[in-house]
Amino acid sequence: MASSAPAISWAQSSDANIRGQAPADVDVVAKNTATGATRRTHSDKDGSFALVGLPPGTYQVDAGPGTARTVTVTVASTFTLNLTAQQAAAATPAEANAQNLGGVTVSATTLEEVKTSEVGQLVSLRQIETTPAASRNFLEFADTVPGMVFTRDANGNTSLRSGAQASSNINVYIDGVGQKNYVLPGGVTGQNNSQGNPFPQLAVAEYKVITSNYKAEYDQLSSAAVTAETKSGTNEFHGDVFGSFTNTAMRAETPSEQANNKKVDSKEKDYGFDIGGPILKDQAHFYLAYEGKEFNSPITVVPTGNSALWANLPASAQAGIGPANLPFKENNWFGKVDWEPTDRDRIEVSGKYRDETAISGIGGNSTANASLNTRNTDKRFDLRWDHSTDSWFNRLQATYEDAQYNPTPITTGYGASYTDASDQNSTLLVDGSSPLSYQNKGQKGPAISDDFTLNDIQWHGDHVIKMGVKFKSVKLTAQDAGDTNALYTYAVGPNGTESIPYKVQFGNPTPGQSPVATSRDQQFGTYIQDDWQVDDHWTFNLGVRWDYEKTPSYLDYQTPAGVVSALNSQDPNGPAGQTYAQSLALGGVNINDYISNGNNRKAKKNEIQPRLGFSNDLFGDEEHVIFGGWGRSYDRNLYESLQVEETKSVLSQPTLFFNTPSQPCTPSATCLAWNPAYLSIPALQALVANSNAGKEVDMINNNLKAPYSDQLSIGMRNKIGEWNTSVAFVNIKSHDGIVYTLGNRRPDGTFWGGGSQPWSFGIPGYGTLIIGNNGLQTKTNQFLISAEKPYTVDSHWSASFAYTYTNAVQNNDNNDPTDQYAFDYEKIGNYPYSAAPGVAKHRLVATGSLDGPWGFVFGSKLTLATPVPDLGLSCYGAPAPGYDSGFTNGGGCLNFAVRPPGEGKFLIGGKVFGYRDIDFQATKNFKVYGNLNAYVRIDLLNAFNWNNYVNYIETIGNNGVLNKRQVIYNPTGDITGYPRTLKVTAGINF
C-alpha cells in the first residue's frame, strides 16, 4: 500500500474500518481470504468492537462459534458489522465479490458505508473494468460521482475538478499518500498539461471520491479528495497482459478536418502488464505493473477574440490555422512488496517511476511555431510499517519523491503574437514562443509521518480516535524563462495588421546569477479526529487539523536595493518632489506592504481547520440516513506563484514598446522608434545592457495567506430495494486565492486615463510593476443526486446515475481557472462575480454493465451537460467611464460570462446541451486452459459522433451596442473528448 503516484505527502487513510457488536469479552479476528493477513481486536463488556487499518479486500470475520461472516470492505470507509450468532446465520451473501481461491469459491457480502458524514462515493473495480474508457487514466471514472468533472481537452490533456475550483485544488491519495503538486497546477504531480496518466490503471483496485466534508486527516486541498487503493500480490499467482489500438482510419473527422478537407494522421496505443503472487504464503507477496502509451492526437489551431479581425491576420500567420497533431509517449511503472512477519505487524515497500515526452503547446490560438518539447518525469518511493494491538493501531511511514517538468521551445528566435488593436489584453493568435516558454520546475525530498488510532474507548458511546503528525522537507525548483526567444506583438485592426510590432518581450539574463529559484520547503501538520458512535442512530465525526508551511525563498526574500531606490525616486511624470511610491499611494497601493527586508514576512500559524460531521440512521437499519457537516480546509500557494520576485529579477523578460500609428507611446527608454535591427535578440539585449529599462518588477504582499474553502453539506441516503440513493446540498466558498494585478499608477494615483490602463507608467528606470495579493474567490451551490444498483453475480447487471445541478461564480473573467493574473480591472476587488468557467448548470452521467451470454460483458456510459460559459472582456465601443463599475471597467469594456446556445438535444426536447457523449464497450472472454483466460474488447466512443465544441466565436457588440447573440460555439474549432472512435483491446490473464 505504499503508494506511488506523482508526489508526496503523508498518510491519509485508504484503509477500511469495521465497527459493530459481537459477544462480550471475546477476540474478534479478521483474516484476508486472498493474502492470509490477519487483524484482531477484543470486544468490550457490552460487545462493541472496532477493527481498524484493514487493507480493502475480502475478510472472514469471526468472534467465536457460529458468528463467522465473510465480507468485502472497500477503500477509505467505515462499516457496521454485527457478529452475534443469530445475525451471522441470518446473513445472506450478495455474492458481489465471489472469488475462486485455490479451487474454492468464496462468496462475500459487500458492506455498504452509509453512516459517513462525507459527501462522495466509491468507484469500484467493476466500474473501472466495464465502463467504456477513452483513456487509461483511472481518474476518468471519477465523473460518475456527482459534482466531479473529468475532461480531456482538445490537446489531449486530462484534468479532474470539482465545482468552481480549479484542478489545482484537488488532492489524490494513493494507498493513503497524497500526490500534491507544490509547484505547478494540475492538482497532482505530472498532470500539468499532460496527456499521460498519474498511475498505471492496472494497479488500481478501487477508489473513493469525497467532494466535501472530508475528515481531519485529509490535507492540502480545498476541493475534492480522491483516495485510491492499489492491487497487491496474493497467495495465488495472477497476471495480465493487454494492448489497445486505434488510428486515423478508426475515427471520424474532427470539425476542423472536415472544413479543411484534410484528415491528419493520428494513432493511440496503450499496452502493459501486471503480475503478482506469493513470496511466502500468508506472509509476503509482490506485485508489479507497467503501462505504456503512444499517442499522436489531432488538434486544431483557431484564433480567439474578435472574429471580425481574423481575416486581417497576415497570410504567414493564417497558414498555421487549422488541423495539426500532438505526438506523446509515456512509460509508467509501479511495484510493491508486503511482508507480515507477525499477525500484529505489516511492512510494505513500493515505488513508482513515470517518464513521458511530448510535443505540446499547439492548439487553441497557438500555432505549431509555438510548440514545446516537454519532458515529464515522476519518481516516488514509500516505506510503511503498521503495528496493531487489540486496542490501538499505529502507522509509521516514510516517503521520497522526485518530480520534474521541463518544456523547451522547439523554435527559437523570432516569434509573433497578434492582438486586437482596441484591446491589448485580447490575443487573437500566437505564432511563436515567448521567453516564458522555457521552464524547469520540480520538487523532490523526503517526508515522514505517524498516525495513531485508539479503537477501544467508551464514553457515552464508542469512540475511534485517530491522531497524526507529519513532517516534510522538499526542495522546490522553478525557472520561468529562457533567453533564446523573443515574442513581437502586432496590432490587428479593421484595416489589417500593422507592418511593425508595437511591443516585444525577450529574455535578459543577469551575468553571474542563476535563473533557477530553489527553496527548501518545510511542512508540518497534525490532526486529531473522533468517530463517535453514540448509538445505533447517531454518529458524529469531530476533528481538527493544523498545518504550517515555511517557504524560505518567499519568507527570506529581500527586495533589491535598486528597486527600493527607484520606488522612492522622483516620479518622472509627476510634480517635482513627488516620488513614485507617493503616486502609488494616491492610487491605493502602499508599496511598503510589498517591500521585503528578509525579516518582515512570517509563515502563518493560524491555519486551524475544524471538521464537523454527523449522520442519523433514522430507524437503525442503515436504510434511511440523514447526514451533513461543516468544515474548513486549507490548500497552499503554488511555488510557481511565490518565486516570481526572484526569477523576474535574475532572468528578466523586459518589454519594450515601439511607436506605431495604432498603438502610440510617449518616447522614452522603453518606447522607441522601430528599427529592423531590433529583430535580433542580441540587439534587444544590448538596448537594456547595464540598464533596468523595461524590466518587469513583481512584488508579493508581505502578509500573504494560504487559500482555503469553507464547506457546508446536508443530505439523505436511502436504500430502495437493490438501489442505493443519495440526495445532498453542498455550499462551498473558496477564499484567498493568490492573484497578480497591474500595480502601475499615474502621478495623480489614477489607474484609468482616456480609457487606457497605465502600462507606460511603470517604476522609474524599470518597467511594469506587478503586485501579488490574496483575492480570488469562488462560490458554489450544488444539488448532488445519485442512484446506484450495485453489481451482483446473481443479477448480472449494474447501473448508476449521477446528476449535478451547479450554480457557481468567481471574481475573475478568465476562462482558465488556474490563471492567476487579472489585468482587466484596477484591482481584484473591483471584479464582479460572474459564472465560473467550465462549469455546466446541469450534468448527468449514467453508466451500466451487463453479463451477456457466451462470455460477453457489455458496458455503456452516457454524459449530458448544458453549455459552459465563455468568459472574457470585450471592448465593443462603449464610452470609457474612467473607473471600474460592475461589469464595465474604466475603459468601457464589458466583463462578460455568456453561455452559448446548445448544439444538440437528446431523445426529446430542444437543443439544450453543450456536451453529449454516449459510449459502448463489448468484451468477449475466452477460457484458454485452466486459469489462463483471454479477452477481446471493443470500445465505441462518442457513438453518434456528436461534436462537443470548446472554442467560441464572440460578437459581443459594436459601437457601444450589444448584439443579441454574443457567443456561439465555433463549428470548425476544437472539440473536447473524441470524435466517433473505435478502439480495439486484446489481452490475457491468469
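Because the structure is predicted, anything quoted here is derived from the model rather than measured. Here the residue index of a chain counts from 1 through its sequence in written order. Since the coordinates come from a predicted model, pLDDT governs what is reported: local features require at least 70, and pairs of side-chain atoms require 80 or more to be given and counted, while whole-chain, interface and lining totals use all residues. Water and hydrogen atoms were dropped before computing side-chain values, which therefore reflect all heavy atoms in the structure.

Asker: Teacher, can you tell me more about the overall build of the protein here?
Answerer: Where helices and strands are cited, they refer to DSSP runs of H or I of at least four residues and of E of at least two residues respectively, numbered from the N terminus. Scanning the protein from terminus to terminus reveals 10 helices and 58 strands. With the radius of gyration taken over C-alpha atoms, the globule rule is written as 2.2 Å times the number of residues to the power 0.38. Taken over C-alpha atoms, the radius of gyration comes to 29 Å for the protein, in line with the 30 Å a tight globule of 990 residues would show. Dimensions of the protein along its principal axes, counting C-alpha atoms only, are 95 × 65 × 50 Å. Any pair of residues with heavy atoms lying within 4.5 Å of one another is described as a contacting pair. Residue pairs at least 24 apart in sequence account for 74% of intrachain contacts in the protein once pairs closer than 6 positions are excluded. Note on areas: these come from Shrake-Rupley sampling with a 1.4 Å probe, and a residue is covered only by the protein chains present in the view. Looking at the protein as shown, the accessible area adds up to about 35,800 Å², and 56% of this sits on carbon and sulfur atoms. His is not counted here, nor are the chain ends, while Lys and Arg score as positive and Asp and Glu score as negative. Charged groups are reduced to one reference atom each: NZ for lysine, CZ for arginine, CG for aspartic acid, CD for glutamic acid. Of the charged side chains in the protein, 75 are positive and 95 negative, and the gap between their average positions amounts to 3 Å.

Asker: Looking at this structure, I do not really get the packing of aromatic side chains. What am I missing?
Answerer: When we look at a pair of aromatic rings, we describe it by the centre distance and by the angle of the planes. We call Phe, Tyr and Trp rings a pair once their centres come within 6.5 Å, taking the six-membered ring for Trp, and we label the pair stacked below 30 degrees between planes, edge-to-face above 60, and tilted otherwise. In total, this model carries 38 aromatic pairs according to the counting rule given. Arranged with centres 5.2 Å apart and planes meeting at 25°, the rings of Tyr740 and Tyr821 form a pair that is stacked. With Tyr740 in strand β42 (residues 723–742) and Tyr821 in the loop between β44 (797–810) and β45 (834–835), this pair connects stretches of sequence that are 81 residues apart. Tyr740 gets classed as buried once you look at its relative accessible area, which sits at 1%. Relative accessibility thresholds used throughout: buried, under 20% of the residue-type maximum; exposed, over 50%; partly exposed, between the two (1.4 Å probe, protein chains only). The partly exposed category is assigned to Tyr821, whose relative accessible area is 34%. Note on Tyr825 and Tyr831: the rings are 4.5 Å apart at their centroids and 45° apart in plane angle, and the pair reads as tilted. Among the residues examined, Tyr831 registers a relative accessible area of 5% and is labelled buried. For a Lys NZ or an Arg CZ to count as sitting over a ring, it must be within 6 Å of the ring centre and within 35 degrees of the ring normal. Directly above the aromatic system of Tyr791 lies the positively charged group of Arg126, at a separation of 3.6 Å from the ring centroid. The ring of Tyr833 carries the charged tip of Lys779 above its face, separated from the ring centre by 4.4 Å.

Asker: What should I look at first to understand the state of the cysteines in this one?
Answerer: Covalently bonding the sulfur atom of one cysteine to the sulfur atom of another cysteine gives a disulfide. Criterion for a disulfide: a pair of cysteine sulfur atoms within 2.5 Å. Enumeration according to the criterion identifies 2 disulfides in this entry. The partner cysteine of Cys665 in its disulfide is Cys671, sulfur to sulfur 1.8 Å. With the S-S bond torsion at 80°, the cross-link from Cys665 to Cys671 turns out right-handed. The disulfide partner of Cys875 is Cys893, and the S-S distance across this bridge is 1.9 Å. Between Cys875 and Cys893, the disulfide has an S-S torsion of 100° and is therefore right-handed. Placement of the pair is Cys875 in the loop between β48 (870–874) and β49 (894–898) and Cys893 in the loop between β48 and β49, with a sequence separation of 18 residues. The exposure class assigned to Cys875 is partly exposed, which follows from its relative accessible area of 24%.

Asker: I keep staring at the pattern of salt bridges and nothing clicks. Help me out?
Answerer: Only one rule defines a salt bridge in this text: a Lys or Arg side-chain nitrogen within 4 Å of an Asp or Glu carboxyl oxygen. Going through the model one piece at a time under the given rule, you end up with 42 salt bridges. As a salt-bridge pair, Arg395 and Asp15 come within 2.3 Å of each other at their nearest N and O atoms. Taken together, the residues Arg395 in strand β24 (residues 392–409) and Asp15 in the segment before β1 (16–21) connect sequence positions 380 residues apart. Two residues, Glu401 and Lys472, come together in a salt bridge whose shortest N-O distance is 2.6 Å.

Asker: Mind showing me how you'd approach the environment of Gly886 here?
Answerer: Relative to the helices and strands, Gly886 is located in the loop between β48 and β49. Using a relative accessible area of 40% as the deciding quantity, one classes Gly886 as partly exposed. Taking the C-alpha atoms as reference points, Gly886 and Asn830, 56 residues apart in sequence, are found 7.5 Å from one another. If near-sequence neighbours (up to four positions away) are discounted, Gly886 is found in contact with Tyr825, Asn830 and Pro832.

Asker: Is there a simple way to explain the sheet that holds strand β10 (residues 109–110) in this structure?
Answerer: The strands making up a sheet associate through hydrogen bonds between their backbones, and the pairing can be parallel or antiparallel. Strand pairing is assigned whenever DSSP identifies at least 2 bridges connecting the two strands. With respect to topology, 5 strands assemble into an open sheet ordered β3-β2-β5-β6-β10, the strand pairing being mixed. Because the sheet does not close on itself, it has two edges, and the strands there are β3 (38–42) and β10.

Asker: Looking at this model, I keep getting lost on the pairing of strand β33 (residues 517–533). Mind explaining?
Answerer: Every regular strand shows the same layout, with side chains that alternate between the two sheet faces. Looking at chain direction, strand β28 (residues 462–479) and β33 are connected through 17 bridges and run antiparallel. Looking at β33, one finds that Ser473 is bridged to Gln522. Here 12 bridges tie β33 to strand β34 (residues 538–550), and the two strands are oriented antiparallel to one another. Across the sheet, Gln533 pairs through a bridge with Thr539, a residue of β34. Between the end of β33 and the start of β34, which pair antiparallel, lie 4 residues.

Asker: Looking at this structure, how should I read the pairing of strand β26 (residues 423–431)?
Answerer: Bridge analysis of strand β25 (residues 413–420) against β26 gives 5 bridges, and the strand direction is antiparallel. Bridge assignment links Asp420 to a residue of β26, and that residue is Asp423. The turn linking β25 back onto β26 is made up of 2 residues.

Asker: Help me understand the sheet that holds strand β7 (residues 78–80), please; the structure alone is not making it clear to me.
Answerer: Ordered in space as β4-β1-β7, the 3 strands form an open sheet in which the pairing is mixed. On the outer flanks of this sheet lie β4 (48–54) and β7, each paired with one strand and no other. Recorded for the sheet is a direction-independent mean angle of 15° between the axes of neighbouring strands. Between N-to-C directions, angles span 0 to 180 degrees; the directions come from axes that are lines fitted to C-alpha atoms, helices contributing only their stretch in contact.

Asker: Can you walk me through the environment of Asn306 in this structure?
Answerer: Along the chain, the position of Asn306 falls in the loop between β20 (284–301) and α4 (315–318). Discounting residues that sit within four places of it in the chain, Asn306 has contacts with Asp420, Leu428 and Glu954.

Asker: Is there a simple way to think about a nonpolar patch on the surface in this case?
Answerer: The patch calculation keeps residues exceeding 30% relative accessible area without a salt bridge and links them within 9 Å when they carry like charges or within 5 Å when they are nonpolar (Val, Leu, Ile, Met, Phe, Trp, Tyr). A cluster of nonpolar side chains, namely Phe237, Val241, Ile275, Leu288, Trp333, Tyr353, Val928, Tyr929, Leu932, Ile988 and Phe990, defines an oily patch on the protein surface of about 1,000 Å² accessible area. Look at Ile275 and you get partly exposed, because its relative accessible area is 31%.

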